[in-house]
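# Summary of the model geometry
Spelled out, the chains give:
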Amino acid sequence: GDVLSLDEIHVEFAPDLMERLCMLDVNGLGFPVSHVSRTLIDHMGVIVWHRSTNRFTLLVATSYASSLAERVQQCAEDVTTLARYRTQPAARRPGE
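Here we summarise the structure given alongside this text. (Residues numbered from 1 in each chain as written. Predicted model: local features only at pLDDT ≥ 70, side-chain atom pairs only at ≥ 80, totals over all residues. Heavy atoms only, no water.)

## Here's the deal with the environment of D7
- With respect to the helices, strands and loops of the structure, D7 is situated in strand β1 (residues 4–10).
- Sequence separation between D7 and L58 is 51 residues; the distance between their C-alpha atoms is 5.1 Å.
- Not counting residues up to four positions away in its chain, the partners in contact with D7 are F56, T57, L58, L68, A69 and V72. (Helix = DSSP H or I, 4+ residues; strand = E, 2+ residues; numbered from the N terminus. Contact = heavy atoms within 4.5 Å.)

What follows is the structure, encoded as structure tokens:
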């Protein structure tokens, strides 16, 4: 068997990040804190442990660890970019 690698997600926007990564309902009642579930992130089988509101532990086969880390980083950049975009005032059109 393959050894498992661990990736921690512990940021304010962790639930938004997890929603982009996998099909688990982390904001609802379907996956409450302290629960563990298997899911897919891209093509990788991952075990997700919901440790607290903004903290998740991901366990993945070591052979996929770097791919998972890259995917988490990409999604984190997307989520933070979207959050910045939502907080900026709307651009005015010429003549308004």
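## Focus on the nonpolar core
- With 20 residues, the main nonpolar core has I9, M18 and L58 as its most contacted residues.
- Excluding residues within four positions of it along the chain, L58 makes contact with S5, L6, D7, I9, M18, I41, V46, I47, V48, L68 and V72. (Core = buried A, V, L, I, M, F, W, Y, C linked by side-chain atoms within 4.5 Å. Buried < 20%, exposed > 50% of the residue type's maximum accessible area, 1.4 Å probe, protein only.)

## Things to note about the sheet that holds β1
- One open sheet holds the four strands; their spatial order is β1-β4-β3-β2, and the pairing between them is antiparallel. The open sheet is flanked by β1 and β2 (36–41), the only strands paired with a single partner. Taken pair by pair, the neighbouring strands of this sheet meet at an average axis angle of 30°, ignoring direction.
- The sheet strands contacting helix α1 (residues 14–21) are β1, β2, β3 (44–52) and β4 (55–61), and the helix crosses β4 at an angle near 35°. (Pairing = 2+ DSSP bridges. Axes fitted to C-alpha atoms, helices over the stretch in contact; angles between N-to-C directions.)

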